[in-house]
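Residue-level listing of the chains:
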2 protein chains.
Amino acid sequence: MEAPTHLNNQPKAVPLQNDLLLRAARGESIERSPVWLMRQAGRILPEYRAVRAQMGGFKDLVESPPHASEVTIQPVDILGVDAAIIFSDILVIPEAMGLPYELVEKVGPRFPEVVRTHQDLKRLRAEVNPEVHLSYVLDAIRLTKRNLAGRVPLIGFCGAPWTIFCYMVEGKGSKDWALPRRMLWEQPTFAHALLDSITEASIGYLQAQVRAGADLVQIFDSWAGVLSDDLYREFMMPRLQRMCEALSPMVPVTVFAKGGGHLLPQLADLDCRTLGLDWQTDPRKARLLIGEEKTLQGNLDPSILYSSPDTIRKKTREMLSNFGTRRHIANLGHGVYPDVNPEHVKVFVETVQKSA
Amino acid sequence: MEAPTHLNNQPKAVPLQNDLLLRAARGESIERSPVWLMRQAGRILPEYRAVRAQMGGFKDLVESPPHASEVTIQPVDILGVDAAIIFSDILVIPEAMGLPYELVEKVGPRFPEVVRTHQDLKRLRAEVNPEVHLSYVLDAIRLTKRNLAGRVPLIGFCGAPWTIFCYMVEGKGSKDWALPRRMLWEQPTFAHALLDSITEASIGYLQAQVRAGADLVQIFDSWAGVLSDDLYREFMMPRLQRMCEALSPMVPVTVFAKGGGHLLPQLADLDCRTLGLDWQTDPRKARLLIGEEKTLQGNLDPSILYSSPDTIRKKTREMLSNFGTRRHIANLGHGVYPDVNPEHVKVFVETVQKSA
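All figures in this text were calculated on a predicted structure; none of them were measured in a lab.

*Asks:* Help me get a handle on the overall build of chain A, residues and values and all.
*Replies:* Looking only at helices and strands, one finds 16 helices and nine strands in chain A. Counting only C-alpha atoms and orienting by the principal axes, one finds that chain A spans roughly 55 × 50 × 40 Å. Counting across all 356 residues of chain A, residues that qualify as buried make up 53%.

*Asks:* Can you lay out the sheet that holds strand β7 (residues 274-276) of chain A for me, pointing to particular residues and giving the numbers?
*Replies:* Residues and elements named next belong to chain A. If you trace the seven strands from one edge of the open sheet to the other, you get β1-β4-β5-β6-β7-β8-β9, paired in parallel fashion. Where the open sheet ends on each side, the last strands, each with one partner, are β1 (84-85) and β9 (328-332). Pairing of strand β6 (residues 253-257) with β7, which is carried by three bridges, proceeds in the parallel orientation. When the sheet's bridge partners are listed, F256 is paired in β7 with G276. In this fold helix α15 (residues 309-323) packs onto β8 (295-300) and β9, with an angle of close to 155° to the strand it touches most, β8.

*Asks:* Residue-level account of the packing of helix α11 (residues 188-212) of chain A against helix α12 (residues 229-247) of chain A, with values.
*Replies:* Residue and element names in this part refer to chain A. Put simply, α11 and α12 touch, their axes get as near as 10 Å, and they point 20° apart. Classed by the angle they form, the pair α11 and α12 counts as roughly parallel. For the pair α11 and α12, the sense of crossing is right-handed. Along the contact surface, α11 presents A191, L195, T199, S202, I203, L206 and Q207, while α12 presents F235, R239, R242, M243, A246 and L247. For the contact of α11 with α12, the per-class residue count stands at eight nonpolar, three polar and two charged.

*Asks:* Run through the relation of the copies chain B and chain A, naming residues and quoting values.
*Replies:* In screw terms, the move from chain B to chain A is a rotation of 180° and a rise of 0.0 Å along the axis, fitting with an RMSD of 0.0 Å. Here the two chains are linked by the operation of a two-fold rotation axis. It is K175 of chain B whose C-alpha, among those of chain B, lies nearest the rotation axis, at 3.3 Å. A shared interface surface links the copies, since 100% of the contact residues of chain B are contact residues in chain A too.

*Asks:* Got a sec to walk through the interface of chain B and chain A? Specific residues and values, please.
*Replies:* Between chain B and chain A, the residue contacts involve 20 residues of the former and 20 residues of the latter. Of all the elements, helix α10 (residues 178-186) of chain B adds the most residues to the side of chain B that touches chain A, at five residues. Broken down by class, the residue content of the side of chain B that touches chain A amounts to six nonpolar, eight polar and six charged.

*Asks:* Before we move on, can you summarise the sheet that holds strand β4 (residues 154-159) of chain B with the specific residues and values?
*Replies:* All names here are of chain B. The strand order β1-β4-β5-β6-β7-β8-β9 describes an open sheet built from seven strands, whose pairing is parallel. A strand with exactly one partner marks an edge of an open sheet, and here the two such strands are β1 (84-85) and β9 (328-332). Pairing geometry for β1 and β4, over two bridges, is parallel. Paired with I85 across the strands is I155, a residue of β4. Taken strand by strand, helix α8 (residues 135-148) contacts β1 and β4, and its axis lies near 160° from that of β4.

*Asks:* Account for unusual backbone geometry, naming residues and giving values.
*Replies:* Most peptide bonds are trans, and most residues other than glycine sit at a negative phi. Residue and element names in this part refer to chain A. For the peptide bond that leads from G298 to N299, omega is -10°, which places it in the cis range. With respect to the element layout, N299 can be found in strand β8. The phi angle at A149 is positive, at roughly 50°, despite the residue not being glycine. Its place among the elements puts A149 in the loop between α8 (135-148) and β4 (154-159). On the basis of neighbour count, A149 is assigned to the exposed category, with 10 C-beta atoms found within 10 Å.

*Asks:* I'd love a proper account of the environment of L22 of chain B, names of residues and values included.
*Replies:* Relative to the helices and strands, L22 of chain B is located in helix α1 (residues 20-26). A C-alpha to C-alpha distance of 9.0 Å links L22 of chain B and P34 of chain B, two positions twelve residues apart in sequence.

*Asks:* Can you explain the confidence of the model for chain A? Please cite residues and give values.
*Replies:* Per-chain confidence: chain A averages 95 in pLDDT, with 97% of residues scoring 70 or above. Taken together, the stretch residues 1-9 of chain A has pLDDT below 50 and engages in twelve contacts with residues farther than four places along the chain or on a different chain.

*Asks:* How would you summarise the environment of A140 of chain A if you had to cite specific residues and measurements?
*Replies:* With respect to the helices and strands, the residue A140 of chain A is situated in helix α8. Taking the C-alpha atoms as reference, A140 of chain A lies 26 Å from K106 of chain A; in sequence the two are 34 residues apart.

*Asks:* Let's hear about helix α12 (residues 229-247) of chain B: which residues, and what values?
*Replies:* Residues and elements named next belong to chain B. Along α12, the sharpest kink reaches roughly 45°, centred on M236 and followed within four residues by the proline P238. Taken together, the buried positions of α12 are occupied by Y232, M236, R239, L240, M243, C244 and L247. Against the buried residues of α12 lie α9 (161-170), α11 (188-212), β5 (216-221), β6 (253-257) and α13 (264-267).

*Asks:* Now, about the pairing of strand β5 (residues 216-221) of chain A: what can you tell me, with residues and values included?
*Replies:* Residues and elements named next belong to chain A. The element β5 is extensively covered by neighbouring structure, given that six of its six residues are classed as buried. Burial of β5 is two-sided: the residues L216, Q218 and F220 facing one way and the residues V217, I219 and D221 facing the other way are all buried. In this sheet, β5 lies alongside β4 in parallel orientation, the contact comprising five bridges. Bridge pairing links G159 to F220 in β5.

*Asks:* Summarise the environment of R43 of chain B; cite the residues concerned and give the values.
*Replies:* Residue and element names in this part refer to chain B. Structurally, R43 is set in the loop between α1 and α2 (46-54). By the C-beta count within 10 Å, which is 20 here, R43 ends up buried. Those residues in contact with R43 that lie beyond four places of it in its chain are Y48, V336 and P338.

*Asks:* Report on helix α9 (residues 161-170) of chain A, specifying residues and quantitative values.
*Replies:* Residues and elements named next belong to chain A. Within α9, nine of the ten residues are buried, which leaves it mostly tucked inside the rest of the structure. Among all positions of α9, only P161, W162, T163, I164, F165, C166, Y167, M168 and V169 are buried. At the C-terminal side of α9, G171 shows a positive phi close to 85°.

Reading the values: the criteria
Once a new chain begins, its residue numbering starts again from 1 and follows that chain's sequence as written. The lettering of chains begins at A and the numbering of ligands begins at 1, in the order of writing. Since the coordinates come from a predicted model, pLDDT governs what is reported: local features require at least 70, and pairs of side-chain atoms require 80 or more to be given and counted, while whole-chain, interface and lining totals use all residues. Where helices and strands are cited, they refer to DSSP runs of H or I of at least four residues and of E of at least two residues respectively, numbered from the N terminus. Labels follow a simple rule on C-beta atoms placed from the backbone: if 20 or more others lie within 10 Å of a residue's own, it is buried; if 12 or fewer, it is exposed; otherwise it is partly exposed. A pair of strands counts as paired when DSSP detects no fewer than two bridges linking them. A pair of residues counts as a contact when their C-beta atoms, built from backbone coordinates, are within 7 Å of each other. Between N-to-C directions, angles span 0 to 180 degrees; the directions come from axes that are lines fitted to C-alpha atoms, helices contributing only their stretch in contact. Each angle gets one of four labels, with under 35 degrees taken as roughly parallel, over 145 as roughly antiparallel, 65 to 115 as roughly perpendicular, and the rest as oblique. Here a crossing is taken to be left-handed if its near helix is turned anticlockwise relative to the far helix by less than a right angle, and right-handed if that turn runs clockwise. Residues are grouped as follows: nonpolar covers Ala, Val, Leu, Ile, Met, Phe, Trp, Tyr, Cys and Pro; charged covers Asp, Glu, Lys and Arg; every other residue, Gly included, is treated as polar. C-alpha atoms of residues with pLDDT of at least 70 in both copies form the basis for the least-squares superposition of the copies. Per-residue confidence from the prediction method is given by pLDDT, with values spanning 0 to 100. Working definition for bend: take the seven residues up to and ending at a residue and the seven starting at it, fit an axis to each, and measure the angle between the axes.

Spelled out as structure tokens, the structure:
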């Protein structure tokens with residue numbers, strides 16, 4: 001683990017030894033589908049837990065560039081995936097906006113304060129400067145790029161405005177996010193204002209991640225699934241499109257709207273390279289809806305990794321065949337579950353990599 | 001409120017004064033769409049809360065036929081809906097099988113014991129006799145039928161085997177039900193055995209509800225949405241089909257698979273009269289997938305009831321127009337939220353009823 005000295009220097013552009021992910025995202029020819037896993041950094045590896053045990057808590061790890069970088073690179077070393085994704089959390093954005101969060105073990109995120117009125121909005125930071133308020137993520141990205149030394153691309157990310165809005169309004173996890181949805185109907189002016197602030201902060205944050213070295217960025221809309229077509233079109237699409245337009249000239253952009261099978265026809269219009277699919281979405285139907293102009297990412301049911309290696313191989317091959325060999329990035333349909341056997345994850349990764 | 005005397009006598013068949021729901025379910029001609037709301041009994045009415053306050057807890061209310069019957073009829077009196085649904089809970093089935101539950105205020109259901117092994121299965125009741133183990137529900141149905149005196153049909157219900165399986169394995173609510181899904185892959189023999197037990201108990205329970213007077217039964221698959229097409233086809237469809245085949249000769253059956261937009265093509269094959277749609281599903285697309293042989297129920301976004309009466313009217317009319325005038329039962333796309341203004345619910349109900 002290298003100490004984070006001189007991290008404010010731009011990393012020298014080291015050519016990538018494995019650029020499969022970027023070629024797949026751009027729609028260029030690929031020998032096989034690249035493969036990585038959502039939540040691959042953290043959660044499953046004993047090596048991650050060893051680092052985690054040295055720290056006070058999850059947030060200490062997120063906020064320590066050397067440790068965040070170390071656990072970011074672990075899956076590249078141990079699982080042999082074709083991309084690294086920076087170890088961080090989507091909730092760093094609300095925190096940078098002035099709304100700190102806690103992560104309560106086995107419960108989830110908790111915000112001591114929430115945003116539900118115009119008055120609350122005024123208490124938020126007017127402008128997030130990522131180099132100041134999120135410097136620890138950018139330092140972790142710079143350090144990771146240096147330590148990866150071009151082995152694989154590094155993915156940056158943030159939450160989609162809707163998902164971040166949900167947490168800032170509700171203050172904790174929810175099954176159906178009734179309160180944030182209520183805000184869209186009952187206080188649309190407030191909702192638009194908060195969503196705009198989140199969008200602006202997120203664009204600046206992703207652009208800074210790219211300047212720090214991220215080769216591709218993914219926008220996670222974890223709670224897209226609770227919105228109807230109409231609401232998503234009115235409140236979310238213009239903001240996602242703004243984000244895509246701001247980032248796409250810099251790097252390939254991936255949008256993953258979990259539970260958003262019903263939203264695919266409108267998501268197809270976004271100015272992004274890749275759309276992520278959850279495991280409920282049939283890749284063949286998605287391809288028909290989306291056309292040939294985008295790469296699809298996903299979508300093995302994460303619970304399949306609980307089955308036997310033989311079943312994992314069979315189901316992974318089925319998935320690959322459903323996606324076809326063009327414009328596909330292999331992944332799970334959601335984050336890998338914490339109690340999955342890392343050997344089973346390796347079987348998934350190797351099955352994709354051997355299927356050239 | 002009439003006391004539950006002589007409840008074991010079969011209620012005399014009183015002709016229904018309003019049988020719109022049944023005609024809509026059977027595909028017969030209707031003057032307009034019938035309308036009711038999932039969770040209409042309980043939750044929203046001050047009159048419900050007054051009854052609730054007399055009882056020790058939610059379960060005391062569920063288990064007291066006179067009170068359960070009273071709150072079942074309240075929405076017919078107060079909201080003017082075209083159907084009553086018996087006030088109860090889907091978790092009465094696990095309890096009848098030998099797995100008691102608690103409802104923790106603002107947290108949800110908790111099972112002190114769970115079922116995760118073949119050994120655990122042996123501790124469950126071998127055969128559920130609804131007239132013995134669920135007599136309080138049947139008494140509530142008999143009393144409600146008598147007190148409704150044919151004003152509107154009475155809906156009986158139970159949870160789908162998958163949803164009940166989720167609670168019995170996990171022991172509490174979950175976002176992604178990773179553990180029950182793990183069981184399907186890791187312990188399929190156990191999973192099949194538990195699902196079979198739930199299915200048998202549920203069939204007997206629904207049949208007893210019909211004998212007690214239920215005019216239509218609905219099967220709630222609240223957690224269908226976390227299953228892929230493949231798993232649903234393998235583990236759930238044969239059991240849902242068994243349930244439909246056992247009940248359909250008696251009364252119309254409705255199946256509501258929440259989050260199951262991706263499952264509609266297979267659900268279309270079930271031997272039931274009606275499929276429920278959540279608010280994420282486009283009624284026109286659903287009609288194309290399902291064909292003309294089934295009634296569709298739903299699907300206003302429950303959060304729309306937080307908006308203004310004018311918006312509720314506009315959105316309700318849009319919904320009606322998307323469904324068309326044949327084979328539709330108007331409802332929300334999920335249960336009504338507890339903090340909705342009952343006056344707004346009336347606007348929804350009246351808009352449907354005036355749109356003849």
